[in-house]
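Given next are the chains, with one letter for each unit.
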Amino acid sequence: MTSERSGGCQCGAVRFRVRGQLGHASVCHCRMCQKAFGGFYAPLVSVREADSVEWTRGERAVFRSSNVVSRGFCSACGTPLTYEAPDGMAISIAAFDDPCGIVPIVAYGVEGKLPYADAVPDLPERKTEEDVAAAAFLAAIVSFQHPDHDTDVWPPEGGLRKE
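Below: a short report on this structure. Keep in mind that this is a model prediction, so the values were computed, not measured.

## Considering the nonpolar core
Side chains of a nonpolar character, in soluble globular proteins, are inclined to be buried together. Judged by nonpolar contacts, the single largest core of 17 residues is most densely connected at Val-18, Leu-22, Val-45, Val-47, Ile-91, Phe-96 and Ile-102. Where this core is concerned, the elements lending two or more residues are strand 2 (15–19) and strand 9 (88–92). Here Ile-102 is in contact with Arg-5, Leu-22, Ala-25, Val-45, Ile-93 and Phe-96, once residues within four sequence places are set aside.

Written as structure tokens, this is what we have:
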């Protein structure tokens with residue numbers, strides 16, 4: 001049985017489907033990946049071994065970040081989607097609708113690791129709703145983010161509006 005996973009950008013303008021086996025998952029701490037993802041590192045999974053990668057809605061924009069690497073992203077919302085090199089493509093783990101089972105097994109580019117990155121898991125943790133001072137603000141939020149599943153139409157008919 002062939003596995004199938006879908007995903008896409010935050011706004012829903014770009015969606016994809018991967019059929020077949022995913023390859024190795026990793027994080028990359030190099031400075032180029034930090035900037036491309038706007039984060040401490042880039043979480044990626046190879047799709048070289050997959051049977052197919054299909055863009056089911058919209059098209060990713062591509063930025064050539066070096067002489068050998070291109071990076072795909074949504075031009076509407078900026079979500080990082082792909083890392084594309086001569087040896088194949090990798091997709092952002094968090095762009096998958098269900099990223100929980102895609103577990104990184106190696107960290108690359110550790111020479112660029114931010115000095116505090118390893119301490120992040122030791123930070124005190126709080127759930128969003130525990131921030132009592134922000135309760136009114138949080139209650140007023142209406143998410144326009146695409147849901148974590150494929151939709152026939154997006155945005156919904158009539159558009160997205162705050163009610």
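## Quick look at the environment of Val-62
Locating Val-62 in the fold gives a position in strand 6 (residues 61–64). On the accessibility criterion, Val-62 (47% relative accessible area) is partly exposed. Excluding anything up to four places from it in sequence, Val-62 contacts Ser-70, Arg-71, Gly-72 and Phe-73.

## Focus: the sheet that holds strand 9
In spatial order, the strands read 6-7-8-9-4-3-10; together these seven strands make up an open sheet with mixed pairing. Looking at the sheet topology across the chains shown, the edges are occupied by strand 6 and strand 10 (106–108). For this sheet, the mean inter-axis angle between neighbouring strands, taken without regard to orientation, is 30°. Bridge count for strand 3 (residues 25–28) against strand 4 (residues 42–46) is four bridges, and the pairing is antiparallel. Its bridge partner lying in strand 4, Cys-28 is registered against Ala-42.

## Here's the deal with the state of the cysteines
Considering all chains together, one arrives at zero disulfides under this definition. For the unlinked cysteine Cys-9, the closest cysteine sulfur is that of Cys-74, found at 3.6 Å. In this structure Cys-33 is not part of a disulfide, and its nearest cysteine sulfur, from Cys-28, lies 3.7 Å away. On the basis of relative accessible area, Cys-33 is assigned to the buried category, the value being 2%.

## What to know about the pairing of strand 1 (residues 4–8)
Note that strand 1 and strand 2 share five bridges and pair antiparallel. The residue bridging Glu-4 from the neighbouring strand is Arg-19, located in strand 2. Once strand 1 ends, the chain turns through six residues before running back antiparallel as strand 2, passing Gly-12 with a positive phi of about 90°.

## Remarks on the pattern of salt bridges
All told, the structure shown has 11 salt bridges when counted by the stated rule. The partner of Arg-15 in a salt bridge is Asp-97, with the nearest N and O atoms 2.7 Å apart. Of this pair, Arg-15 sits in strand 2 while Asp-97 is found in the loop between strand 9 and strand 10, placing the two residues 82 residues apart along the sequence. The pair formed by Arg-15 and Asp-97 is uniform in burial state, with each residue classed as buried. The network of salt bridges with shared partners includes Glu-4, Arg-15, Arg-17, Arg-19, Glu-54, Asp-97 and Asp-150.

## Looking at the packing of aromatic side chains
Throughout the structure, instances matching the rule amount to three aromatic pairs. Between Phe-16 and Phe-96, the ring centres sit 5.1 Å apart and the planes meet at 85°, which makes this aromatic pair edge-to-face. With Phe-16 in strand 2 and Phe-96 in the loop between strand 9 and strand 10, this residue pair connects regions lying 80 residues apart in the sequence. Note on accessibility: Phe-16 and Phe-96 belong to one class, buried. Summarising the aromatic geometry, the rings of Phe-40 and Tyr-116 are spaced 5.3 Å apart at their centres and angled 75° between planes, so their arrangement reads as edge-to-face.

Rules used throughout
- Residues numbered from 1 in each chain as written.
- Predicted model: local features only at pLDDT ≥ 70, side-chain atom pairs only at ≥ 80, totals over all residues.
- Heavy atoms only, no water.
- Core = buried A, V, L, I, M, F, W, Y, C linked by side-chain atoms within 4.5 Å.
- Buried < 20%, exposed > 50% of the residue type's maximum accessible area, 1.4 Å probe, protein only.
- Helix = DSSP H or I, 4+ residues; strand = E, 2+ residues; numbered from the N terminus.
- Contact = heavy atoms within 4.5 Å.
- Pairing = 2+ DSSP bridges.
- Axes fitted to C-alpha atoms, helices over the stretch in contact; angles between N-to-C directions.
- Disulfide = S-S within 2.5 Å.
- Salt bridge = Lys/Arg side-chain N within 4 Å of Asp/Glu carboxyl O.
- Phe/Tyr/Trp six-rings, centres within 6.5 Å; stacked < 30°, edge-to-face > 60°.

Read these as layout, nothing more, since geometry by itself doesn't imply function.
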